[in-house]
Amino acid sequence: MTTLRELLRGDLHTHTDWSDGGDPLEAMVAAAAAQGHDYVAVTDHSPRLTIAHGLSSARLHRQLDAIATVNAALDGTGFRVLTGIEVDILPDGSLDQEPELLARLDVVVGSVHSELRMDKAKMTRRMVTALADPHLDVLGHCTGRKLPVATDARHAARGGTLRRRAPSSFDADAVFAAAVRHDKAIEINSRPDRLDPPSNLLRRAAKVDGLRFAINTDAHAVAQLDWLTNGCARAEAAGVTADRIVNALPAEDLLAWTRTHAP
């Protein structure tokens, strides 16, 4: 029996040392290719997340040039790098990057990183507004929760600073309905310190007809690309099948889907 992990064609949420990742673009790409994938999306942070060295429009332009160079070297290998971003969803639901630049990208993951304790109605409106934005393709780590789990040696060294962060409060039915309405995907985040959505919410999402998902690592280093197994196990346990996973699609089919969101 083929497992969900074997059916994934790529990873749509990864970070490099262009923002807060620990490894360079070329190393992340080589490691993703070595996993037998067809593609990897590079989704470094957007400008407002200064703590993560988010990319200004000028720096994102330069990264796109760097990715083009990498893809030229990969020509004929069957592997490609998709351009992308993890763009901050601002409190009003707008996206933290120039629309014209977002339109150039293959994949846009949008995530909430600030004001996580916003009241339920406002957070719901924020997320629904973002899902309606034609530039957004995937809603990242939707609850924003954090688990007190060390993800690497550097993280473990912080020891006592590890903290649990409760999930944000929002109307999940309204958010999932908006994702279906605009044909956007909900991320199943595989980081051990996120595992977002939580299992009960993931099971609830799996029951929503027409809702798509993306199983991503949110990797910030080469070794973390193996975390896809976490997300796949959780998706299978919740009853999410491969036909609902956008990164189980071949690259051209995935890009055809993201292009349907374009204005």
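Residues numbered from 1 in each chain as written. Predicted model: local features only at pLDDT ≥ 70, side-chain atom pairs only at ≥ 80, totals over all residues. Heavy atoms only, no water.

Chemist: Account for helix α5 (residues 120–132), with residues named and values stated.
Modeler: Counting along an α-helix, one turn takes 3.6 residues, and residues three or four places apart therefore face a common direction. Its 13 residues place the ends of α5 18 Å apart at the C-alpha level, agreeing with the 18 Å of an ideal helix rising 1.5 Å per residue. Regarding α5, the residues found buried are M123, T124, R126, M127, A130 and L131. In an axial view of α5, the angular spread of the buried residues amounts to 160°, which keeps them on one side of the axis. Looking at the buried residues of α5, the elements they touch are β5 (138–139) and α7 (172–181). Where α5 starts, the residue carrying a side-chain oxygen 3.1 Å from the main-chain nitrogen of A121 turns out to be D119. (Helix = DSSP H or I, 4+ residues; strand = E, 2+ residues; numbered from the N terminus. Expected span 1.5 Å × (residues − 1). Buried < 20%, exposed > 50% of the residue type's maximum accessible area, 1.4 Å probe, protein only. Arc of directions from axis to C-beta. Contact = heavy atoms within 4.5 Å. Polar contact = N/O pair within 3.5 Å; in protein donor to acceptor, adjacent residues only side chain to side chain.)

Chemist: Can you lay out the side chain of D133 for me, pointing to particular residues and giving the numbers?
Modeler: Positionally, D133 belongs in the loop between α5 and β5. Of the buried charged residues, D133 lacks a salt bridge, with K184 as the closest side chain of opposite charge at 6.2 Å. Engagement of the side chain of D133 in a polar contact is seen with the backbone nitrogen of H135, the distance being 2.8 Å. Residues in contact with D133, not counting those within four places in the same chain, are L95 and K184. (Lys, Arg positive; Asp, Glu negative; His and termini not counted. Salt bridge = Lys/Arg side-chain N within 4 Å of Asp/Glu carboxyl O.)

Chemist: Please set out the nonpolar core residue by residue, giving values where relevant.
Modeler: Of all hydrophobic cores here, the largest spans 60 residues; its most connected members are F213 and I215. Leave out the neighbours within four places in its chain, and F213 touches A185, I186, I188, L202, A205, A206, V240, R244, I245, V246 and N247. Core analysis: the second largest hydrophobic core is formed by 14 residues, A41, V246, L254 and L255 among them. (Core = buried A, V, L, I, M, F, W, Y, C linked by side-chain atoms within 4.5 Å.)

Chemist: Please give an account of the pattern of salt bridges that cites residues and values.
Modeler: Side chains that carry opposite charge are capable of pairing whenever their charged atoms lie near each other. One pass over the structure, following the stated rule, counts six salt bridges. For D38, the salt bridge is made with R9, and the minimal N-O distance between the two is 3.1 Å. Of this pair, D38 sits in the loop between α2 (25–34) and β2 (39–42) while R9 sits in the loop between α1 (4–7) and β1 (10–14), placing them 29 residues apart in sequence. Accessibility expressed as a relative area gives 24% for D38, which makes it partly exposed. In this structure R9 comes out as partly exposed when scored by relative accessible area, which is 30%.

Chemist: Report on helix α3 (residues 57–74), specifying residues and quantitative values.
Modeler: For α3, built from 18 residues, the straight-helix expectation of 26 Å at 1.5 Å per residue is met to within 8% by its first-to-last C-alpha distance of 25 Å. Along α3, the residues that are buried comprise R59, L60, Q63, L64, I67, V70 and L74. One face of α3 carries all of its buried residues, which in axial projection span an arc of 145°. Looking at α3, the residues exposed on the side facing more than 90 degrees away from the buried face are D65, T69, A72 and A73. Contact partners of the buried residues in α3: α2, β2, β3 (80–88) and α4 (99–102). Immediately beyond the C-terminal end of α3, within one or two residues, lies G76, with a positive phi of roughly 90°.

Chemist: I'd love a proper account of the packing of α5 against α7, names of residues and values included.
Modeler: The interhelical angle for the contact between α5 and α7, taken along N-to-C directions, is 5°, at an axis separation of 9 Å. Accordingly, the angle class assigned to the pair α5 and α7 is roughly parallel. Along the contact surface, α5 presents T124, M127, V128 and L131, while α7 presents A174, V175, A178, A179 and R181. In terms of residue class, the contact of α5 with α7 is made up of seven nonpolar, one polar and one charged. (Axes fitted to C-alpha atoms, helices over the stretch in contact; angles between N-to-C directions. Parallel < 35°, antiparallel > 145°, perpendicular 65-115°, else oblique. Nonpolar A, V, L, I, M, F, W, Y, C, P; charged D, E, K, R; others polar.)

Chemist: Quick one: what's the story with the sheet that holds strand β4 (residues 107–111), residue by residue and with numbers?
Modeler: Strand order across the open sheet formed by seven strands is β1-β2-β3-β4-β5-β6-β7, with parallel pairing between neighbours. Strands at the two margins of the open sheet, each flanked by one partner only, are β1 and β7 (212–216). Two elements, β1 and β2, share three bridges in a ladder whose sense is parallel. Looking at the pairing, T14 lines up with V42 of β2. (Pairing = 2+ DSSP bridges.)

Chemist: Go over unusual backbone geometry with me, naming the residues and quoting the values.
Modeler: Note that the residue after D196, namely P197, is joined by a cis bond; omega there is 5°. Among the structural elements, P197 can be located in the loop between β6 (185–189) and α8 (199–206). Even without being a glycine, E115 presents a positive backbone phi close to 50°. The phi dihedral of D183 is positive, around 55°, even though this residue is not glycine. Structurally, the position occupied by D183 is in the loop between α7 and β6. Assessed through its relative accessible area of 24%, D183 is described here as partly exposed.

Purely geometric numbers; function is a separate question.
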